Amino acid sequence: MPAREMRMEMFLRALLRRDFTKAKAHLEKLQKMAGSDEWGRGYGKAINGFMSALKDNDTDALIVQLINEHDREKAEKLLGHFESILEHEFRDEYEKGYYTAWVEFLKAYLSQKTLALKR
């Protein structure tokens, strides 16, 4: 598993535990890995949004709904949708970075064994 995907999994696990101190450390490492170009800024925007929405418990946010509902089917549909967005040639680098973060997050989310119990 590539380093960024492993770090995303650690970030997700910290978020699932609501351990925002650890999540922030993983977020900072993810941002460093993503870089500061347009793609990296898009990626950073997404992961910062994940953290902010969960910290604020924004129940309208997609990420909060996923974490609270443990809805694998919804996550699988979103993963397919975001992967298809990444295939669009007209997407700029910022958008590609943003949706890559979502794809990596959803893959990490779907790989969690505790989620497999709830269908």
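For the structure itself, consult the block above.
Definitions and limits used
Residues numbered from 1 in each chain as written. Predicted model: local features only at pLDDT ≥ 70, side-chain atom pairs only at ≥ 80, totals over all residues. Heavy atoms only, no water. Helix = DSSP H or I, 4+ residues; strand = E, 2+ residues; numbered from the N terminus. Contact = heavy atoms within 4.5 Å. Expected span 1.5 Å × (residues − 1). Buried < 20%, exposed > 50% of the residue type's maximum accessible area, 1.4 Å probe, protein only. Core = buried A, V, L, I, M, F, W, Y, C linked by side-chain atoms within 4.5 Å. Salt bridge = Lys/Arg side-chain N within 4 Å of Asp/Glu carboxyl O. Polar contact = N/O pair within 3.5 Å; in protein donor to acceptor, adjacent residues only side chain to side chain. Phe/Tyr/Trp six-rings, centres within 6.5 Å; stacked < 30°, edge-to-face > 60°.

Re the environment of Trp39
Thinking step 1. Residue position: Trp39 is located in helix 3 (residues 38-55).
Thinking step 2. With 55 residues separating them in the primary sequence, Trp39 and Tyr94 have C-alpha atoms 4.5 Å apart.
Thinking step 3. Discounting residues that sit within four places of it in the chain, Trp39 has contacts with Arg4, Ala34, Glu93, Tyr94, Lys96, Gly97 and Thr100.

Digging into helix 1 (residues 3-16)
Thinking step 1. Here helix 1 contains 14 residues, and its C-alpha end-to-end distance of 20 Å stays within 8% of the 20 Å for a straight helix at 1.5 Å per residue.
Thinking step 2. Of the residues making up helix 1, those classed as buried are Arg7, Met8, Glu9, Phe11, Leu12, Ala14 and Leu15.
Thinking step 3. As for helix 1, its buried residues are in contact with helix 2 (20-34), helix 3, helix 4 (62-69) and helix 6 (93-110).
Thinking step 4. Arg18 sits one or two positions beyond helix 1 and adopts a positive phi of about 60°.

Here we look at the nonpolar core
Thinking step 1. In terms of nonpolar packing, the biggest core is built from 37 residues, with Phe11, Leu15, Ile47, Phe50 and Ile63 touching the most fellow members.
Thinking step 2. Mapped by element, the contributors of at least two residues to this core are helix 1, helix 2, helix 3, helix 4, helix 5 (72-86) and helix 6.
Thinking step 3. Broken down by element, the residue count for this core peaks at nine residues, all from helix 6.
Thinking step 4. Aside from chain neighbours lying at most four places away, what touches Phe50 is Phe11, Leu15, Ile63, Ala101, Trp102 and Phe105.

Here's the deal with the pattern of salt bridges
Thinking step 1. According to the stated counting rule, one finds nine salt bridges in the structure shown.
Thinking step 2. Residue Glu104 is joined to Arg4 by a salt bridge in which the shortest nitrogen-to-oxygen separation is 2.4 Å. Of this pair, Glu104 sits in helix 6 while Arg4 is found in helix 1, placing the two residues 100 residues apart along the sequence.
Thinking step 3. Here Lys24 makes a salt bridge to Glu28, at a shortest N to O gap of 3.2 Å.

Overview of the side chain of Glu9
Thinking step 1. With respect to the helices and strands, the residue Glu9 is situated in helix 1.
Thinking step 2. There is a polar contact of 3.4 Å between the side chain of Glu9 and the side chain of Ser111.
Thinking step 3. Other than its neighbours up to four places away in sequence, Glu9 contacts Met1, Ala108, Ser111 and Gln112.

Comments concerning the side chain of Arg91
Thinking step 1. When you line up the elements, Arg91 lands in the loop between helix 5 and helix 6.
Thinking step 2. For Arg91, a relative accessible area of 18% translates into the label buried.
Thinking step 3. Among all residues touching Arg91, those that are not within four sequence positions of it are Ile85 and Lys96.

Thoughts on the packing of aromatic side chains
Thinking step 1. Following the criterion strictly, the structure yields seven aromatic pairs and no others.
Thinking step 2. On the numbers, 4.7 Å between centres and 45° between planes, the contact of Phe50 with Phe105 is tilted. Of this pair, Phe50 sits in helix 3 while Phe105 sits in helix 6, and the two are 55 residues apart along the sequence. Phe105 shares its class with Phe50; the two are buried.
Thinking step 3. What links up through ring pairs into an aromatic cluster is the set Phe50, Phe82, Tyr98, Tyr99, Trp102 and Phe105.

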